[in-house]
Structures are given as C-alpha cells and as structure tokens.
Amino acid sequence: MKEKIYFNHDGGVDDLVSLFLLLKMDAVELTGVSVIPADCYLEPAMFASRKIIDRFGNGGLDVAESNSRAKNPFPKDWRMHAFYVDALPILNESGRVVTPVADKPAHLHLIDTVLATEEKTTLLFTGPLTDLARALDEAPEIEEKIKRLVWMGGTFREAGNVHEPEHDGTAEWNVFWDPEAAARVWDSSIEIDLVALESTNQVPLTLDVRERWAKERKYLGVDFLGQCYAMVPPLVHFSTNSTYYLWDVLTTAFVGNHDLVKVQTINSIVHTDGPSQGRTVESADGRPVNVVYDVNRDAFFDYMTELAKKA
Ligand code: AGV
Ligand code: CA
C-alpha cells in the first residue's frame, strides 16, 4: 500500500523540486499540498505548485494557501526564487492552470485532509512548522491520525545557517522563522524525523551535479532539475550565506528511501527567545527526535536523478 503524505512547503527551489519528485514516487500517494509564504512569496509559489502538479501529476489535488506569518522573515532575495520557477517555459507550455486553489487556509486544509484519510498520514514539512502548530491547537484530535512528521529543520551543531542582526548564528532558518511553532510541535506526542543541517551540509549544489543534469537533459524531468538549479548559487570555493544545498530534496528523498541516511535519536528542546532563538539543543529532559545526521551523497543524487527520469 502507498504511504499517504501531506506536504506543506515554502516555495523555495528545493521545495518545488521536492513536490515534483514526490509526484514521481511509486510508493507515495500525496493526499494534500499547502504553501506557506516563508522562503517565498505566496502568489508565484502557489502558481508554480499548481503548474508542477498539472505537468507532472495525475490530477485530483488542490493546493491550499497558508495565512501564517513570520516572527523572523526570510530575506527578500531568497523569497524571489518562486517567481523564477513559476516563469519556466516547461511549466507554462499549456497556457492554463488546472489544479485548483483550496477553499480553506493551509492549517484547516491539513486538518480536513488528515481526518478524511482512512490510514495514518505522514506529514512532510520543508518550511516552518506554523501551519502544523495551528492545526494542533485547532484540532488536537489529528495527533492520533498522524503517523510521523518528517521535517527539514534544526541542527545540533554550533553553526546554524541564520546570519542576521541580533542573532548568534546557532539556528536553522525553518526553526528561526517561527520558533514558537516548533516548540508547540515538540510539545505534542507526534514522532519527529528531523533532517537537520548535519546531513544537508553533505549535499551542496556543486558544479559536477549541474554538469550531470546538463548531460542528461534529454530527459524532460532532468532538464527541469537543471533549469531549477540554474537559479541558485552553487558551492564553488567556499560556502557563503547564499550557497544552495539540497536541504528539502534530501528530506523528501528520505521519505521515499530510508536507506540513504543514518539516524540517531536525540532528546532536545527548542529555544524560543533571545539571541539563540530557533536553536535546537540536546537536553536530557527534552523530547526525543530522530535526527538524520549522515547521508550517502552519491546514492542520494543517483536516486533523485533516476526519479526525475520518470517524468
Ligand atoms: O534552511 C534551509 C531551508 C530549506 O527548507 N531554506 C531553504 C530550503 O528550502 C532556507 C534557506 C537557508 N539558506 C538559504 C535558504 C539560501 N542560501 N537560499 C535560500 N533559502
Ligand atoms: Ca524550504
């Protein structure tokens, strides 16, 4: 039986590529999709999501808009990426958008979808957890219908990826955007699989990966990967604040293939205030999370590229 997945994302290049790959996984059935305007602007991210489903999916889905707001907003330059994906000719060839916008905001759409699905749902979140935190406040009964949460977020290292005024640099962005939301989900009894920076640091966008996709661009789906990853800066000599990693794509690949990574359980808490807000730290009386801390890089890139060839 196919695994039922509800996907909430925030419209970055790797979020949108994740949506594409989920549509190509044989063992996965997407039950719902929603978009939160964190690392994106909502309108282009909604259009891009609907067009990706039109082009690469089999219909039957709508896409819900989140009305959640940031504690700490993303930089504008990064949020612009959704406009570039939305404008790709490959997504605009048909000249129309068929997949509808859902008539409820994301957190209510999540509740409805989870309750309407007979089996337990796996939640895949590749942006902040705000919509899940709000759904849990609104309808705590969904907890028992959630199989687990797979989240791209956090790190247990000193170095996070937030480089902002008044912050000490220890947080990962998806936690930092809304630290209270993460703390709310930590308070629940949902099983959490965390794809943290420990593993995503091992999958930077590099020139050899781009060259591989260029060589195999005769496959429509591989060409789509190449076009998407032409929009964001690769790791060349050293990592900068804007260097792109395949954060969310690794998280999505983990849902489809557990053998790519190593996992370790850590008891942890989330800092919600002060210069370390958004930091996840190990703590004996914290709650357990399953942390993905290592990945077979080559197997990961092979897996995602082969999936793309199915398009
Ligand atoms: O912290 C990683 C998260 C992922 O969900 N996002 C990007 C991925 O979608 C935020 C982010 C951190 N650094 C970035 C980010 C960068 N250099 N460009 C764009 N987004
Ligand atoms: Ca994201």
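The name given to the protein chain in an unreviewed UniProt entry is ABC transporter substrate-binding protein, with Pseudobacillus wudalianchiensis as the source organism.

> What exactly am I supposed to notice about the site of ligand 1 here?
Around ligand 1 lies a shell of 17 residues, among which Asp14, Asp39, Asn161, Glu172 and Asp248 are the nearest. Here a nitrogen atom of ligand 1 sits 2.7 Å away from a polar atom, N or O, in the side chain of Asp39. One of the backbone N or O atoms of Thr126 is found 2.9 Å from an oxygen atom in ligand 1. Against a free-state accessible area of 430 Å², the protein chains account for coverage of 99% of ligand 1. Those elements giving two or more residues to the shell around ligand 1 turn out to be α1 (13-23), α8 (173-176) and α13 (247-256).

> Can you walk me through the sheet that holds strand β4 (residues 121-125) in this structure?
Whether parallel or antiparallel, the strands of a sheet pair through hydrogen bonds between backbone atoms. Pairing within the open sheet is mixed, and its 9 strands lie in the order β3-β2-β1-β4-β5-β6-β9-β7-β8. Here the strands that pair on one side only, and so sit at the sheet edges, are β3 (63-65) and β8 (280-282). Put simply, the sheet's adjacent strands are angled 30 degrees from each other on average, direction ignored. Note: strand β2 (residues 28-35) against β3, 3 bridges, orientation parallel. Residue pairing across strands places Ser34 opposite Ala64, the latter belonging to β3. Contacting β1 (3-9), β2 and β4, α1 runs over the sheet at an angle of about 165 degrees to β1. Sheet strands touched by α13: β1, β4, β5 (146-152), β6 (192-195), β7 (261-270) and β9 (287-295). Its angle to β5, the strand with the most contacts, is close to 150 degrees.

> Looking at this structure, how should I read the confidence of the model for the protein chain?
Close inspection of predicted coordinates is inappropriate in any region flagged by low pLDDT. Model confidence for the protein chain is summarised by a mean pLDDT of 98, while 100% of its residues fall at 70 or above. Across the whole predicted complex the pTM is 0.99, and at the interface the ipTM reaches 0.99.

> I would appreciate a short explanation of the coordination of the calcium ion (ligand 2) in the present structure.
In a perfect tetrahedron of four donors around a metal, the angles come out at 109.5 degrees. In a perfect octahedron of six, they are 90 or 180 degrees. Coordination of the calcium ion (ligand 2) by the protein involves Asp10 (OD), Asp15 (OD), Asp15 (OD), Thr126 (O) and Asp248 (OD), with metal-donor separations of 2.3 to 2.6 Å. Along the chain, the residues that donate to the calcium ion (ligand 2) are spaced as D-x4-D-x110-T-x121-D. By relative accessible area, which is 1% here, Asp15 ends up buried.

> Sorry, what's going on with the UniProt feature "domain: Inosine/uridine-preferring nucleoside hydrolase" (unreviewed entry) in the protein chain here?
Annotation from UniProt places "domain: Inosine/uridine-preferring nucleoside hydrolase" (unreviewed entry) at residues 5-302. Span residues 5-302 is 37% helix and 18% strand, its end C-alpha atoms 23 Å apart.

> When you look at the pattern of salt bridges in this model, what are you seeing that I'm missing?
Charged atoms that come close allow side chains of opposite charge to pair. For the structure shown, the criterion picks out 20 salt bridges. Measuring nitrogen to oxygen at the nearest pair gives 2.7 Å for the salt bridge that ties Lys104 to Asp112. Here Lys104 falls in the partly exposed class, since its relative accessible area comes to 35%. Taking the relative accessible area as the measure of exposure, Asp112 reaches 36% and is therefore partly exposed. Across the pair Arg184 and Asp137 runs a salt bridge whose closest N-O atoms are separated by 2.7 Å. Here the residue Arg184 occupies a position in helix α9 (residues 179-186), and Asp137 occupies one in helix α7 (residues 130-138), the gap between them amounting to 47 residues. When its relative accessible area of 53% is taken as the criterion, Asp137 is described as exposed. Beyond isolated ion pairs, a larger network of salt bridges with shared partners links Arg212, Glu216, Asp302, Glu306 and Lys309.

Quick notes on the rules
- Residues numbered from 1 in each chain as written.
- Chains lettered and ligands numbered in written order.
- Predicted model: local features only at pLDDT ≥ 70, side-chain atom pairs only at ≥ 80, totals over all residues.
- Heavy atoms only, no water.
- Near = heavy atom within 4 Å.
- Polar contact = N/O pair within 3.5 Å; in protein donor to acceptor, adjacent residues only side chain to side chain.
- Areas by Shrake-Rupley, 256 points an atom, 1.4 Å probe, with all protein chains shown as cover.
- Helix = DSSP H or I, 4+ residues; strand = E, 2+ residues; numbered from the N terminus.
- Pairing = 2+ DSSP bridges.
- Axes fitted to C-alpha atoms, helices over the stretch in contact; angles between N-to-C directions.
- Contact = heavy atoms within 4.5 Å.
- pLDDT = per-residue confidence, 0-100.
- Donors = N, O, S within 2.8 Å, 3.2 Å for Na, K, Ca; no water.
- Buried < 20%, exposed > 50% of the residue type's maximum accessible area, 1.4 Å probe, protein only.
- UniProt positions renumbered as here; feature names shortened; annotations may be inferred.
- Salt bridge = Lys/Arg side-chain N within 4 Å of Asp/Glu carboxyl O.

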